[in-house]
Amino acid sequence: MTRPDSVVVVGGGLAGHTVAVTLRSCGFHGRLTVITQESTDPYDRPPLSKDLLAGEPIQPTLSPHLADLGIELHTATAAVGIRPHEILTTAGRFPFEAALLAPGLRARRLPSGHGAPAANVLRSLEDAVGLRTELTTGRRVLIVGAGLIGAEVATAAAAAGCRVSVIGPDLGPALAAVPDSVHDEIRGWYDDCGIRLTTGVQVLETTHDGVLLSDSSRRAADLVIAAIGGAPATAWLHGSPIGLDPAGFITTDEHLRTDLPGVYAAGDAIAWPSARYGRAMHLEHWHHAADSAQIAARNILGANETYDPLPYFWSHQLGHSLHYIGRHGRADPAEIRSDTRSGRAVTWTRGGRPTAVLALDAPHLVRRARAALQAADRPEIGAMQ
Ligand SMILES: Cc1cc2nc3c(=O)[nH]c(=O)nc-3n(C[C@H](O)[C@H](O)[C@H](O)COP(=O)(O)OP(=O)(O)OC[C@H]3O[C@@H](n4cnc5c(N)ncnc54)[C@H](O)[C@@H]3O)c2cc1C
């Protein structure tokens, strides 16, 4: 494709912001428009659960400001459809020569039983600001989902003096197949923070005074927060020329091109074919959003770069840090290694080669782990399922 004169970006999250900034830094001087349904400038989400909810006076706005780069930002404007060379929005039509779709995820909701109040969720700045005021001393806060965001929200609620419970089937996909000793250690983190953790059971719905569990028991709470993952915010693309997989992720090729010529996609809402893992992949992590956006921007301008990253995420929860890189299968043997600088790492292997590393309180091990995984790179390393 020749270099376009105008680019429209849908989504003002990390991926949308990164695409726009990268286009400018790569010398794109044409008309550049970002459309976002939120009413704010693009902002970063990780500080919402870590800092903002904990009462830190932070400003998560992403820099640089798009206006400073001559980028038009249309807030409170939702894309509702796409046709060749035209995005349809709640504020009219936006013609484009190239477009980038980065609508991200919307938080999954918990069913409400018999007109009970809906559980709260945490995906947006607005959610975080609202939740912060709800976390007051002595309140019984019940968090549904013990994954990364559930654990981070629990941390903030406990620090605010709430009486916190976390309920979920397990500790989330990131901690699947960790050795028993590590599993027990992480459960101990909850105890240390005075948080009651219940696993092996699911929450079915909210009730008027708490939640109903899959073992038919009930748990009372003053505030219920659902941290049960997200689904791609792509309902507006149904029936359009953009391909979606059965879960609604936007399907791209390895260069992040969608089915519609001139239209690329990046961030949490995409599924792309990974040669590294031999299957279509989707990730919901910060580095994936930023890295896929940079590659998509360069490809919009005529490059032909392939996107096939080593998955990586971090989390700060319950007074500890987690860093995970790679992807392990449930059958991959795990080995725990302690480091002289006090952290620990779990390394999974297959055929003697590392497939993934989880560093606990050991961020300094991430670079070494990345190098080891890159050295071991083989397309036949399978995905974790
Ligand atoms: C609370 C929280 C904490 C996190 N912490 C970590 C962490 O510690 N480590 C980590 O690796 N990752 C973390 N993540 C994940 C990381 O923030 C995401 O991977 C990243 O934000 C994805 O960026 P995105 O641009 O693809 O999507 P989003 O950030 O979701 O942005 C998408 C934007 O598009 C807008 N949009 C959607 N549909 C439309 C439409 N039809 N029209 C116009 N606009 C639309 C949305 O409103 C949103 O503004 C966290 C996420 C959350 C929510």
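Residues numbered from 1 in each chain as written. Predicted model: local features only at pLDDT ≥ 70, side-chain atom pairs only at ≥ 80, totals over all residues.

Some thoughts on unusual backbone geometry
Look at the link from Ser63 to Pro64: it is a cis peptide, with omega at 0 degrees. Within the element layout of this structure, Pro64 appears in the loop between helix H2 (46-52) and strand S3 (72-74). Of note in the backbone geometry, Leu318 takes a positive phi value of approximately 55 degrees without being a glycine. Relative to the helices and strands, Leu318 resides in the loop between strand S21 (312-317) and strand S22 (320-326). For Leu318, a count of 21 C-beta atoms within 10 Å corresponds to the buried category. (Helix = DSSP H or I, 4+ residues; strand = E, 2+ residues; numbered from the N terminus. Buried ≥ 20, exposed ≤ 12 C-beta atoms within 10 Å, placed from the backbone.)

Brief notes about the nonpolar core
Among the nonpolar cores identified, the biggest contains 53 residues, and Val19, Leu100, Ala102 and Ala266 are the most heavily contacted of them. Secondary structure elements with two or more residues in this core: strand S1 (6-10), helix H1 (14-25), strand S2 (31-35), strand S4 (79-83), strand S7 (98-101), strand S18 (263-265), strand S19 (270-274) and helix H6 (286-300). The residues contacting Ala102, other than those within four sequence positions of it, are Val9, Val10, Gly11, Gly13, Ala15, Gly16, Val19, Ala265, Ala266, Gly267, Ala269 and Ala293. By size, the runner-up hydrophobic cluster in this structure holds 43 residues, among which are Leu110, Tyr190, Val211 and Val224. (Core = buried A, V, L, I, M, F, W, Y, C linked by C-beta atoms within 7 Å. Contact = placed C-beta atoms within 7 Å.)

Some details on the pairing of strand S11 (residues 196-199)
When a strand is regular, its side chains alternate between the sheet's two faces. As defined by bridge partners, strand S10 (residues 163-168) adjoins S11 across 4 bridges and the pair is classed as parallel. In the sheet register, Gly168 faces S11, and the bridge partner there is Thr199. (Pairing = 2+ DSSP bridges.)

Some details on H1
Taking 1.5 Å per residue, 12 residues should reach 16 Å; H1 reaches 16 Å between its end C-alpha atoms and fits that length. When we look at burial in H1, the residues that qualify are Leu14, Ala15, Gly16, His17, Thr18, Val19, Ala20, Val21 and Leu23. In this structure, the buried residues of H1 make contact with S1, S2, S7 and H6. Trailing H1 by a residue or two, Gly27 shows a phi angle of about 90 degrees, which is positive. (Expected span 1.5 Å × (residues − 1).)

Quick word on the sheet that holds strand S14 (residues 218-220)
Here 3 strands make up an open sheet; going across it, the order is S12-S13-S14 and the pairing antiparallel. If you trace the sheet from one side to the other, it starts and ends with strand S12 (203-207) and S14, each paired once. The sheet shows a mean angle of 25 degrees between the axes of neighbouring strands, direction not considered. Inspection of the sheet shows S12 paired to strand S13 (residues 210-213) by 4 bridges, in the antiparallel sense. Residue Thr206 lies in a different strand from S13, and its bridge partner there is Val211. (Axes fitted to C-alpha atoms, helices over the stretch in contact; angles between N-to-C directions.)

Concerning the domain arrangement of the chain
Domain boundaries assigned for the chain yield domain 1 (6-106 + 230-300), domain 2 (109-226) and domain 3 (319-375). A straight line from the C-alpha centre of domain 2 to that of domain 3 covers 27 Å. Taken together, the contact between domain 2 and domain 3 spans 10 residues of the former and 9 residues of the latter. (Domains from an automatic or database assignment.)

Quick word on the sheet that holds S4
Taken in spatial order, the 3 strands line up as S4-S5-S6 in an open sheet, and their pairing is antiparallel. Among the strands making up the open sheet, the edge pair consists of S4 and strand S6 (92-95). Taken pair by pair, the neighbouring strands of this sheet meet at an average axis angle of 20 degrees, ignoring direction. Pairing analysis gives 4 bridges linking S4 to strand S5 (residues 86-89), with the strands arranged antiparallel. Paired with Ile82 across the two strands is Ile87, which belongs to S5.

Description of the environment of Arg163
With respect to the secondary-structure elements, Arg163 resides in strand S10. C-beta crowding within 10 Å serves as the criterion here: with 17 such atoms nearby, Arg163 is assigned to the partly exposed category. For the pair Arg163 and Leu135, spaced 28 residues apart in sequence, the C-alpha separation works out to 9.7 Å. Apart from the residues lying within four places of it in its own chain, the contact partners of Arg163 are Gly138, Arg139, Arg140 and Val141.

Quick word on the environment of Gly230
Along the chain, Gly230 falls in strand S16 (residues 230-232). Among the residues examined, Gly230 registers 17 C-beta atoms within 10 Å and is labelled partly exposed. Setting aside its immediate chain neighbours within four residues, Gly230 contacts Leu105, Arg106, Ala107, Arg108, Arg123 and Glu284.

A closer look at the site of the ligand
Lining the immediate environment of the ligand, one finds 35 residues, of which Gly11, Gly13, Ala15, Gly104 and Gly267 sit closest. When residues of the shell around the ligand are traced back to their parent elements, those giving at least two are H1, H2, H6 and S21. The residue makeup of the shell around the ligand, split by class, is 19 nonpolar, 11 polar and 5 charged. When residues of the shell around the ligand are assigned to domains, at least three map to each of domain 1 (6-106 + 230-300) and domain 2 (109-226). (Near = placed C-beta within 6 Å. Nonpolar A, V, L, I, M, F, W, Y, C, P; charged D, E, K, R; others polar.)

Focus: the environment of Asp209
Along the chain, the position of Asp209 falls in the loop between S12 and S13. By the C-beta count within 10 Å, which is 14 here, Asp209 ends up partly exposed. Sequence separation between Asp209 and Trp286 is 77 residues; the distance between their C-alpha atoms is 35 Å.

As for the pairing of strand S9 (residues 140-144)
Among the 5 residues in S9, 4 count as buried, and that is most of the element. Pairing of S9 with S10, which is carried by 5 bridges, proceeds in the parallel orientation. Within S10, the residue paired with Val141 across the bridge is Val164. Crossover handedness for the path S9 to helix H4 (residues 148-159) to S10: right-handed. When S9 meets strand S15 (residues 223-226), the two strands line up parallel, connected through 4 bridges. The residue bridging Val141 from the neighbouring strand is Leu223, located in S15. (Right-handed = clockwise from strand over helix to strand, strands pointing away.)

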